[in-house]
Amino acid sequence: MRVAVFSTKAYDRRFLEAANRGFGHRLDYFEARLDASTAALAESYPAVCTFVNDRVDAAVLEILARGGTRLVALRCAGYNNVDLEAAERLGVAVVRVPAYSPEAVAEFTIGLILALDRNIPRAWNRVRENNFALDGLIGRNLSGRKVGVVGTGRIGALVARSLRSGFGCEVLASDLVEDPELVAIGVRYAAVDDLLREVDLVTLHCPLTPQTRHLIGRRRLAAARPGVTIINTSRGALIDTAALIEGLKSRQVGGVALDVYEQEADLFFEDLSNEIIQDDVFQRLLTFPNVLITGHQAFLTEEALSAIAEATLASIAEAEAGASLTRQVTARQVRGQA
Ligand code: NAD
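The rules behind these values
- Residues numbered from 1 in each chain as written.
- Predicted model: local features only at pLDDT ≥ 70, side-chain atom pairs only at ≥ 80, totals over all residues.
- Heavy atoms only, no water.
- UniProt positions renumbered as here; feature names shortened; annotations may be inferred.
- Helix = DSSP H or I, 4+ residues; strand = E, 2+ residues; numbered from the N terminus.
- Expected span 1.5 Å × (residues − 1).
- Buried < 20%, exposed > 50% of the residue type's maximum accessible area, 1.4 Å probe, protein only.
- Pairing = 2+ DSSP bridges.
- Axes fitted to C-alpha atoms, helices over the stretch in contact; angles between N-to-C directions.
- Contact = heavy atoms within 4.5 Å.
- Core = buried A, V, L, I, M, F, W, Y, C linked by side-chain atoms within 4.5 Å.
- Near = heavy atom within 4 Å.
- Polar contact = N/O pair within 3.5 Å; in protein donor to acceptor, adjacent residues only side chain to side chain.
- Areas by Shrake-Rupley, 256 points an atom, 1.4 Å probe, with all protein chains shown as cover.
- Phe/Tyr/Trp six-rings, centres within 6.5 Å; stacked < 30°, edge-to-face > 60°.
- Lys NZ or Arg CZ within 6 Å of the ring centre and 35° of its normal.
- Salt bridge = Lys/Arg side-chain N within 4 Å of Asp/Glu carboxyl O.

The name recorded for the protein chain in an unreviewed UniProt entry is D-lactate dehydrogenase, from Caulobacter rhizosphaerae. Reading the Sequence similarities (unreviewed entry) entry of the UniProt record for the protein chain gives the comment "Belongs to the D-isomer specific 2-hydroxyacid dehydrogenase family."

Dropping the structure here:
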């Protein structure tokens, strides 16, 4: 099948090309992000392949559908950037990669927790300048800490298991459904409000939906345990960034590690080292000594990129063969979950 691949980086191309040896699709790569101004590039392509910050809203889907596109294949798990109702109305199927490597994201989350808690990036900056002083680098043991995991699906369950069984934390969790295997190892489920009142570190692993947008906002931050540490490797808009900054300034929030950011679409995945960043909120976040930010790279492992490429191309092959789409996501499914 002919596929217009948007937001392509060199690494995407490498893994897609390797996987495509087994499929033989015609993949045409565009560096541009998909939005209303670039959607015309996909004219006459039956399939379009997109990533997390491509904008697949109703306006874009209308352009794609008019141009003959019948399939949008997301090279990611989250589908918050797609208007699924509009896709259904326009006859455009949407597939995603639901579980390419939850380990990749879970391991990175643990890495962020340790790096933040033990001041590893600050220490490395000092050592590079021959400053071996330890003042200001005192961390805290994870062992015995009370931590919270919001969303115990594929990624969250791995994080909860690692924190509980690996590090010996007391783990509270919050989800719409309880995972009995986590309960069996001593994880205790609670409502998000109760969890936040108790834990001194919370890590977010639920999807971004209308119900979870700004899950961590002004009210919950005010009621949280003072000095709470917040980790987010899920989606930026789970956190109200303005409220987070207020919390950091008042020290109600004691530390933050983010791999995702509400307005990341204008920043992440690009080399902007010679640019003037216009996002003052992001720039303010960078000024805090207790904030650690990475540019949406939790998924970025060899294993995950291979699995994403394989699953994406397999979905496109299913569509080409007129078979049922095993990784399809529909508005109806999502309505059913709400
Ligand atoms: P999953 O669907 O397996 O798990 C999500 C869990 O969240 C489910 O158990 C669901 O019941 C729960 N949930 C939904 N609404 C909730 C709510 N209001 N409160 C509490 N829990 C709720 O998804 P996953 O594979 O574990 O991925 C989780 C998220 O991680 C994805 O939605 C995606 O946004 C993000 N992600 C980020 C990266 C990255 O590189 N940073 C990579 C992959 C996925």
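After that view of the structure, there is still more to cover.
Caption draft 1: Quick look at helix 4 (residues 102-117). Counted at 1.5 Å a residue, the expected span for helix 4 with its 16 residues is 22 Å, and the 23 Å between its end C-alpha atoms agrees. Within helix 4, twelve of the 16 residues are buried, leaving the element largely enclosed by the surrounding structure. Looking at helix 4, one finds that the buried residues are P102, A104, V105, A106, F108, T109, I110, L112, I113, A115, L116 and D117.

Caption draft 2: Highlighting the sheet that holds strand 2 (residues 26-29). Taken together, five strands build an open sheet; the order of strands is 2-1-3-4-5 and the sheet is parallel. Because the sheet does not close on itself, it has two edges, and the strands there are strand 2 and strand 5 (93-95). On average, each strand axis in the sheet is inclined to that of its neighbour by 20°, with strand direction left out of account. As defined by bridge partners, strand 1 (residues 2-5) adjoins strand 2 across four bridges and the pair is classed as parallel. Residue V3 lies in a different strand from strand 2, and its bridge partner there is L27. Together, strand 1, strand 2, strand 3 (47-50), strand 4 (71-74) and strand 5 form the strand contacts of helix 12 (residues 302-320), whose direction differs from that of strand 4 by roughly 165°.

Caption draft 3: Up close: the nonpolar core. Of all hydrophobic cores here, the largest spans 53 residues; its most connected members are L34, L61, L64, V72 and V94. Sorting elements by how many residues they give to this core places helix 12 first, with seven residues.

Caption draft 4: Summary view of the site of the ligand. Among the 22 residues in the neighbourhood of the ligand, the closest are listed as Y100, R154, I155, D175 and T233. Within the backbone of I155, one N or O atom sits 2.8 Å away from an oxygen atom of the ligand. D175 places a side-chain nitrogen or oxygen 2.6 Å from an oxygen atom of the ligand. Contact with the protein chains covers 85% of the free accessible surface of the ligand, which is 870 Å².

Caption draft 5: Highlighting the side chain of N232. With respect to the element layout, N232 can be found in strand 10 (residues 228-232). At 2.9 Å, the side chain of N232 and the backbone nitrogen of S234 are in polar contact. A distance of 3.0 Å separates a polar side-chain atom of N232 from the backbone oxygen of R235. Discounting chain neighbours no more than four positions away, the residues touching N232 are L204, L238, I239, A257, L258, D259 and V260.

Caption draft 6: Local environment of the UniProt feature "domain: D-isomer specific 2-hydroxyacid dehydrogenase catalytic" (unreviewed entry) in the protein chain. Mapped onto this structure's residue numbering, the UniProt feature "domain: D-isomer specific 2-hydroxyacid dehydrogenase catalytic" (unreviewed entry) falls at residues 3-329. Between the end C-alpha atoms of residues 3-329 there is a gap of 19 Å, over a span that is 36% helix and 15% strand.

Caption draft 7: Geometry of the sheet that holds strand 6 (residues 146-150). Taken together, seven strands build an open sheet; the order of strands is 8-7-6-9-10-11-12 and the sheet is parallel. On the outer flanks of this sheet lie strand 8 (188-189) and strand 12 (291-293), each paired with one strand and no other. Bridge count for strand 6 against strand 9 (residues 201-204) is four bridges, and the pairing is parallel. Bridging from a neighbouring strand, V147 pairs with L201 of strand 9. Sitting on the sheet, helix 10 (residues 241-250) touches strand 10, strand 11 (253-258) and strand 12, and the angle it makes with strand 11 is about 135°.

Caption draft 8: The packing of aromatic side chains, seen in detail. Evaluated as defined, the whole model comprises six aromatic pairs. An aromatic cluster is defined as three or more aromatic residues linked by ring pairs; in this entry it consists of F6, F30 and Y45. Stacked on the ring of Y45, the Lys or Arg R2 has its end atom at 4.2 Å from the ring centre.

Caption draft 9: Molecular detail of the UniProt feature "domain: D-isomer specific 2-hydroxyacid dehydrogenase NAD-binding" (unreviewed entry) in the protein chain. Residues given the UniProt feature "domain: D-isomer specific 2-hydroxyacid dehydrogenase NAD-binding" (unreviewed entry) here are residues 110-298. Helix makes up 34% of residues 110-298 and strand 16%, and the two end C-alpha atoms of the span are 10 Å apart.

Caption draft 10: Region of the structure containing the side chain of N81. Along the polypeptide, N81 turns up in the loop between strand 4 and helix 3 (84-90). Classification of N81 by relative accessible area gives buried; the value is 14%. A distance of 3.1 Å separates a polar atom in the side chain of N81 from the backbone oxygen of V52. Not counting the four nearest positions on each side in its chain, N81 is found in contact with F51, V52, N53, D54, R55, V56 and D57.

Caption draft 11: Expanded view of the pattern of salt bridges. Counted by the stated rule, this structure contains 18 salt bridges. Salt-bridge contacts for R75 lead to D12; the nearest nitrogen and oxygen are separated by 3.7 Å. Within this pair, whereas R75 is found in the loop between strand 4 and helix 3, its partner D12 is found in helix 1 (residues 10-20), the two being separated by 63 residues in sequence. Accessibility expressed as a relative area gives 2% for R75, which makes it buried. By relative accessible area, which is 8% here, D12 ends up buried. Between R332 and E88 there is a salt bridge, with its nearest N and O atoms 3.8 Å apart.

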